[in-house]
Amino acid sequence: MIINANSVLPPLKRILVIGSGGRENSLAWALKKSPEIEEVFVSPGNAGTQTLECCKSLSIQENNLTAIIETCNSQKIDLVVIGPEAPLAAGLADGLRNAGLIVFGPGAEGAKLESSKGWAKDLMQEANVPTAKHWTARTSNEALAILNEAQQPLVVKADGLAAGKGVTVSETIDVCKKAIQEVFEGKFGVAGNQLILEERLQGPEVSVFALCDGKDLVLLPTAQDHKRLKEGDQGPNTGGMGAYAPAPLLSAEELAAVKTKILEPTLKALMQRRIDYRGVIYAGLMLTSSGPKVIEFNCRFGDPECQALMPLMGPELAKVLQACALGRLELAPKLSITNQCSACVVAAAYGYPESPRSGDPLRIQVDLDDSLQLFQAGTKVDKEGRLVTSGGRVLALVAQGNNFDETFTKVYKGMEQVDFNGITYRKDIGYQVRQN
Ligand code: AMP
Ligand code: GLY
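Residues numbered from 1 in each chain as written. Chains lettered and ligands numbered in written order. Predicted model: local features only at pLDDT ≥ 70, side-chain atom pairs only at ≥ 80, totals over all residues. Heavy atoms only, no water.

Peer 1: How should I be thinking about the environment of asparagine 141 in this particular structure?
Peer 2: By the element assignment, asparagine 141 lies in helix H7 (residues 140-150). Overall, the relative accessible area of 61% leaves asparagine 141 in the exposed class. It is 9.4 Å that separates the C-alpha atoms of asparagine 141 and isoleucine 180, two residues lying 39 residues apart in sequence. (Helix = DSSP H or I, 4+ residues; strand = E, 2+ residues; numbered from the N terminus. Buried < 20%, exposed > 50% of the residue type's maximum accessible area, 1.4 Å probe, protein only.)

Listed below in structure tokens is the structure:
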């Protein structure tokens, strides 16, 4: 579609969200807030997608480009929003754009920000973005030599997408050596064809999200994820067990500095590589004693940070994503964001993250209202018509309030009305900002 310099954004009535997690359900729910939107489709979605007002599931897999294009044409889709990293890294956005569709989400080159840690590190270096010192190794001997020289434990990272499991942070050199071996023995498949060793940084972590149109960006409130399975930040790493927003760890001035010192230079470096990055840049930051440093970039919204953020977004969100997708952020309405607090708690299946159990029937009796949402993720309807677990992170409950105490009280009260055998959730999400 060609738009001249003075034009306004084209009509936006029908949106397709690609993905099947809680993130995609929260996106669909938030996009539907725009009075202009008639219908939001989610594909493949989950059992909860249909329970969102005016949202429909389509059963097309994320990697079926032809079927997605056909559906977009037959359903007259005005905007496609791609949720997860795997289809972005596989070039789904490129394929859809080549077919003339308007897409929010970077192409495969831009998605390398997430799909190749080495590539992202080089870009950060080029753009002078503060990040941990790093070394790249293509063989285990190379990696061991670097570790030997450093004479201290280094963080070991498989280069490619490893579903959040490819990073080892350890106190001991022996564990680092073992992690190096595992990467080159193929524990993470092709994601481990090369690895990155990093100096270990210290400090609290915060997630920052920018919506980009290729040349400009708009910031969303910060959010804090809780990656460990167990209370007190113990246990194995997960995709995220809960989140809250905004994260008071960064003041408004500090966030503005993150924009000018980290996000804008990154976008500029992408432009210099002729990458027209239209989508989310998610910067995972560590707030070190010498300022915020990038731990990782992702090329999409965080899950569950997205579920915490979406209820804070005004009805302009859909038009803002459309403007980004068209490369015309200057035409977007100003995105209004409520100054409330938002809290998200994830309920995971028994056995998550190693081997989550499927098939446990859900009992949901929670009274949802304007400040309490339930976003399903790993759910399906079984042969007997029951709503059952079918994935690691089963659902997220999200509440908003005027302060974090009130907000977390509300979300945990709601959680008491949700149950399934083996339900696992952390009771200390937001401990950083709660008094009670
Ligand atoms: P990543 O997948 O790169 O975000 O890493 C997963 C987690 O490992 C991060 O959320 C951090 O908690 C930790 N981590 C990664 N890199 C470092 C580092 N250089 N120093 C300390 N911790 C790190
Ligand atoms: N919650 C972390 C992530 O989405 O990568």
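From this point, the discussion proceeds with the structure in view.
Peer 1: Hey, could you run me through the sheet that holds strand S9 (residues 195-198) in this one?
Peer 2: Pairing is antiparallel in the open sheet, where four strands are placed in the order S6-S9-S7-S8. Whereas interior strands pair on both sides, the edge strands pair on one side only; in this sheet they are strand S6 (134-137) and strand S8 (167-168). Here S6 pairs with S9 via four bridges, running antiparallel. Its bridge partner lying in S9, tryptophan 135 is registered against leucine 197. Those strands touched by H7 are S6 and S9, and its axis lies near 155° from that of S6. (Pairing = 2+ DSSP bridges. Contact = heavy atoms within 4.5 Å. Axes fitted to C-alpha atoms, helices over the stretch in contact; angles between N-to-C directions.)

Peer 1: Help me understand the site of ligand 2, please; the structure alone is not making it clear to me.
Peer 2: Taken together, the residues surrounding ligand 2 are Asp225, Gly239, Tyr282, Asn298, Arg300, Gly302, Asp303, Pro304 and Glu305. With respect to ligand 2, the side chain of aspartate 225 contributes an N or O atom lying 2.7 Å from a nitrogen atom. At 3.0 Å, a backbone N or O of glycine 239 approaches a nitrogen atom of ligand 2. The protein chains hide 89% of the 200 Å² of surface that ligand 2 would expose on its own. Among the residues forming the shell around ligand 2, the class breakdown is two nonpolar, three polar and four charged. (Near = heavy atom within 4 Å. Polar contact = N/O pair within 3.5 Å; in protein donor to acceptor, adjacent residues only side chain to side chain. Areas by Shrake-Rupley, 256 points an atom, 1.4 Å probe, with all protein chains shown as cover. Nonpolar A, V, L, I, M, F, W, Y, C, P; charged D, E, K, R; others polar.)

Peer 1: Would you take a moment to explain the packing of helix H5 (residues 108-115) against helix H6 (residues 117-126) for this structure?
Peer 2: When two helices pack together, their arrangement is captured by the angle between the axes and the distance separating the axes. Orientation of H5 relative to H6, taken along the N-to-C sense of each, is 95°, at an axis distance of 6 Å. The angle between H5 and H6 falls in the class roughly perpendicular. Every residue of H6 that contacts H5 at Glu109, Lys112, Leu113 and Ser115 is listed here: Lys117, Trp119, Ala120 and Leu123. For the contact of H5 with H6, the class distribution of residues is four nonpolar, one polar and three charged. (Parallel < 35°, antiparallel > 145°, perpendicular 65-115°, else oblique.)

Peer 1: So what exactly am I meant to see when it comes to the pattern of salt bridges here?
Peer 2: Close approach of charged atoms lets side chains of opposite charge pair. The final tally for this structure, using the stated rule, is 27 salt bridges. Note that glutamate 198 and lysine 157 form a salt bridge whose closest N and O atoms lie 3.2 Å from each other. Here glutamate 198 is found in strand S9, whereas its partner lysine 157 is found in strand S7 (residues 155-158), with 41 residues between them in sequence. Taking the relative accessible area as the measure of exposure, glutamate 198 reaches 4% and is therefore buried. A relative accessible area of 4% means that lysine 157 is categorised as buried. A cluster of three or more residues bridged by salt bridges with shared partners is formed by Asp213, Lys215, Arg328 and Glu330. (Salt bridge = Lys/Arg side-chain N within 4 Å of Asp/Glu carboxyl O.)

Peer 1: So what exactly am I meant to see when it comes to the site of ligand 1 here?
Peer 2: Taken together, 15 residues lie near ligand 1, and Glu198, Glu199, Leu201, Glu205 and Glu296 sit nearest. Here lysine 117 contributes a side-chain N or O atom positioned 3.2 Å from an oxygen atom of ligand 1. Within the side chain of lysine 157, a nitrogen or oxygen atom sits 3.0 Å from a nitrogen atom of ligand 1. Here ligand 1 has 470 Å² of accessible area as a free molecule, and 90% of this is covered by the chains. Mapped by element, the contributors of at least two residues to the shell around ligand 1 are S7 and strand S17 (291-298). The class makeup of the residues in the shell around ligand 1 is seven nonpolar, no polar and eight charged.

Peer 1: How should I be thinking about the side chain of threonine 71 in this particular structure?
Peer 2: Mapped onto the fold, threonine 71 is located in helix H2 (residues 65-74). Of the polar contacts made by the side chain of threonine 71, one reaches the backbone oxygen of alanine 67; its length is 2.8 Å. Beyond its immediate chain neighbours, meaning those up to four positions away, threonine 71 contacts Leu58, Ile60, Lys76 and Ile77.

Peer 1: Which parts of the structure should I look at to understand the packing of aromatic side chains?
Peer 2: Aromatic rings considered in pairs are described by the distance between their centres and by the relative angle of their planes. Going through the model one piece at a time under the given rule, you end up with nine aromatic pairs. Measuring from ring centre to ring centre gives 5.2 Å for tyrosine 244 and phenylalanine 404, while their planes differ by 75°; the resulting arrangement is edge-to-face. Here tyrosine 244 is found in strand S15 (residues 242-245), whereas its partner phenylalanine 404 is found in helix H12 (residues 404-415), with 160 residues between them in sequence. Given the relative accessible area of 10%, phenylalanine 404 is considered buried. Aromatic rings pair up to connect Tyr244, Phe404, Phe408, Tyr412 and Tyr425 into one cluster. Across from the ring centre of tryptophan 119, 4.8 Å away, lies the NZ or CZ of arginine 273, which sits over that ring. For lysine 427, the ring lying beneath its charged end belongs to tyrosine 425, and the centroid distance is 4.9 Å. (Phe/Tyr/Trp six-rings, centres within 6.5 Å; stacked < 30°, edge-to-face > 60°. Lys NZ or Arg CZ within 6 Å of the ring centre and 35° of its normal.)

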